[in-house]
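Structural description and commentary
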Amino acid sequence: MYMNLRKVVAGFTAALLSVTTASIFPTKTVSAADVCVIDTDTEYQTIRGFGGINHPEWAGDLTQAQRQTAFGNGENELGLTVLRVFVNPDSSQWNRALPTAQFATQMGVTVFASPWEPPANLTESGGSNGKLHLPKSNYAAYAKHLNDFGTYMKNNNVDLYAVSVQNEPDYASEWTYWSTDETTDFIANYGDQITSTRLMSPESFQYVPENASWVPDGGKKFYRKILNNSKAMANCDLFGTHFYGTQRSWMDFPELENSGKEIWMTEVYVPNSDKDSANRYPEALQVSENIHNAMVVGNMSAYTWWYIRRNYGLMTEDGKISKRGYCMAQYSKYVRPGDVRIDATEQPADNVYVSAYKGDDNQVTIVAINKGTESYSQQFAVDADAQITEVDRYRTSASENLAKTEDLEHDSSSFWAQLPAESVSTFVVTLEDQPVEPDENGYYFHDTFESDNCDWQGHGAADIALSGRIPYQGTNALLVQNRASAWNGAEKTLPAKAFQAGKEYSFSVCLNYMDGESSKNAALSLQYTDAAGETKYARIASASAAKGNYVQLANPSFKLPEGGKNFKIYVETEGDTDNFYIDEAIGAVKGTVIDGPPVVTTTTTTTTTTTTTKATTTTTKATVTITKATTATSASATTAATTTVITEKPPVNTGDVNADGKVNLADVVLLQKWLLGVPETKLADWQAGDLHADGVLNGFDLCLLRHTATSSGNI
């Protein structure tokens, strides 16, 4: 009864809205000659996967062979990466979900769970709203029930990703009714008691607009209430919704999509649940279209079918993949967990729908649906900093099931493909990095900030802006301002095609400041992700800056750490949050010597005058001291002046970076922390650490300092 009623309701609203939305959202007419452009730089949501539910209580469990067909990704397998399971209200029956869930977990599949009813002892009659209702007095017990299910699954080797609050609380004639206020209250005040797994929102029956007259309290209202409640939002880890009767025009929800949390489509079948309808074609093509709309319009991270095995499912009752299953497999086998949806010309022709995804820098997956009744040739152009080396096509049509054509003809950036009538095609495009060559100066980048910020941005809590106040060269420099902490500054992501882990490069940035002390330490550093996925830091170069004068932060041979990725260089000044300026930022080939401003030091001179008839001038290489005689008859007079001069560096107590008069383990530890970029680490005398005498602090200096301290017996 439930299935027939669901079919009638979903079909009625779908038919109703196919009429109303046609006039509101007219079909775009486009030429068949339009190029479909794939923009790899414009990214949208991360994909979690595609899957369906296994419900042993209602449909029997999958067999071992059927599990392999569902979750394997070889020939004649679906490649599903999401499994939904049922939270039985009777905890003694939880074991029924284990066999398939355990198999899926071993295959790396994401498993989540949905409850239809709380335990019977917690419920009351739902009256006219539904079969059951959960009184607020039992919210804590229900939270414990859900948490216990997560614990049970994990104790039985099922890595349960999430559990939802309730399956279809707005369609509860045969299960449990909740109002939108009640689910929000439960999540806000009891959601934090579910600690064994993540908490998903309630899963609405339809993803209908908030003003839908036929759904007085449901649909998107569930999610709006959560968005507007800070406690509920904090406790809700992801959102789930069903798509029964949901039109394309309803699927967009910008506020939810921009909330920072994933949205999953957790149940649907399209276009119907007719007996033995799984292999009807081209009716099955609507599965691909529905997935396309969920991904492109709804920005869904996961798409979950109803029964995996059913006479209208992804597999028929004999365990064979159906036409509906093949239409899902055009996505599930090739768009894998962790892939990111990227921009594509969505409708390059009438009745043609295209979406695109990238798995890494070397692969793009394109799915193209031709709903039309005529075959059509389409050009695809991949806009990427790489060239196409191979295009493999997989196609499902009336006469084909994932039919493979290897290595379609292509050039370095585009290819043509035939899209047969009423078909869906998946193109797996393999890319190869184009060699990045430096310019005639050996520069991979040379940022002058004359007209734009050259891809620099604030590092931490800091703002940047172009400024013509004190450029080093040209008419503009980059002003770094509004720094909340000393480590905040300016950063630039290094282009991955040019800057690779384990290789050495030359870096240089010029820095100036006009506020604060007469001198301060400045540094050019590296932030990156290591092989373990942890954020790490390294010091590239440092120098003492003199107020009002540009200083160069340069290292001609800095090695990017082995196994690292996501490299960013950043500039900061130590111990203050004053504004500063940078200019002439350069990344170049190893060993490239980049000209910079002359070294500037600031010295304080003291002049003592006495009665004399002789003037003397004494100059040392490190400082300039001027003593001028006067004819005054007074006993003596002392004056002090600060003079900035261009000169050589003064002698230092080599190795004593903390300026305590000794060279020992404390200096070694301090320099090591400073080189690692540990926030708030400051050297009292950075020049004392330059044991290699090359104007740069790096690992060579640390080794020499350790040797110096060891030789002196102070380790």
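A brief structural summary. Source: prediction; values computed, not measured.

**Digging into the nonpolar core**
- F71, F186, M295 and Y303 are the most contacted members of the largest nonpolar core, which has 99 residues in total.
- Shared between two domains, this core takes at least three residues from each, and those domains are domain 1 (30-45 + 339-434) and domain 2 (49-197 + 216-240 + 256-337).
- A462, V480, A541 and F580 belong to the second largest nonpolar core, which has 50 residues in total.

**Some thoughts on helix α13 (residues 699-711)**
- Taking 1.5 Å of rise per residue, 13 residues should cover 18 Å, and α13 covers 18 Å from first to last C-alpha, within 8% of that figure.
- Lining the buried residues of α13 we find α12 (665-675).

**Considerations on the pairing of strand β14 (residues 352-360)**
- Most of β14 sits out of view: seven of its nine residues are buried.
- The pairing of strand β13 (residues 340-344) with β14 spans three bridges and is classified as antiparallel. For R341, the partnering residue across the bridge sits in β14 and is Y357.
- With eight bridges joining them, β14 and strand β15 (residues 363-370) adopt antiparallel strand pairing. Across the sheet, the residue bridging to V354 is A368, located in β15.

**Comments concerning the sheet that holds strand β19 (residues 414-419)**
- Spatial ordering of the open sheet is given by β18-β17-β20-β15-β14-β13-β1-β16-β19, a layout of nine strands whose pairing is mixed. For this open sheet the edge positions go to β18 (403-405) and β19, each flanked by a neighbour on one side alone. Each strand of the sheet is rotated relative to its neighbour by a mean of 30°, with strand direction disregarded.
- Packing of helix α11 (residues 323-332) onto the sheet brings it into contact with β14, β15, β17 (386-396) and β20 (423-433), and relative to β17 it is tilted by some 170°.

**A short note on the pairing of strand β30 (residues 565-573)**
- Across four bridges, the pairing between strand β25 (residues 489-493) and β30 is antiparallel. Within the sheet, the bridge partner assigned to T493 lies in β30 and is K568.
- Pairing analysis gives seven bridges linking strand β27 (residues 519-529) to β30, with the strands arranged antiparallel. Each bridged residue has a counterpart across the sheet, and for A522 the counterpart in β30 is T573.

Thresholds applied
- Residues numbered from 1 in each chain as written.
- Predicted model: local features only at pLDDT ≥ 70, side-chain atom pairs only at ≥ 80, totals over all residues.
- Heavy atoms only, no water.
- Core = buried A, V, L, I, M, F, W, Y, C linked by side-chain atoms within 4.5 Å.
- Buried < 20%, exposed > 50% of the residue type's maximum accessible area, 1.4 Å probe, protein only.
- Domains from an automatic or database assignment.
- Helix = DSSP H or I, 4+ residues; strand = E, 2+ residues; numbered from the N terminus.
- Expected span 1.5 Å × (residues − 1).
- Contact = heavy atoms within 4.5 Å.
- Pairing = 2+ DSSP bridges.
- Axes fitted to C-alpha atoms, helices over the stretch in contact; angles between N-to-C directions.

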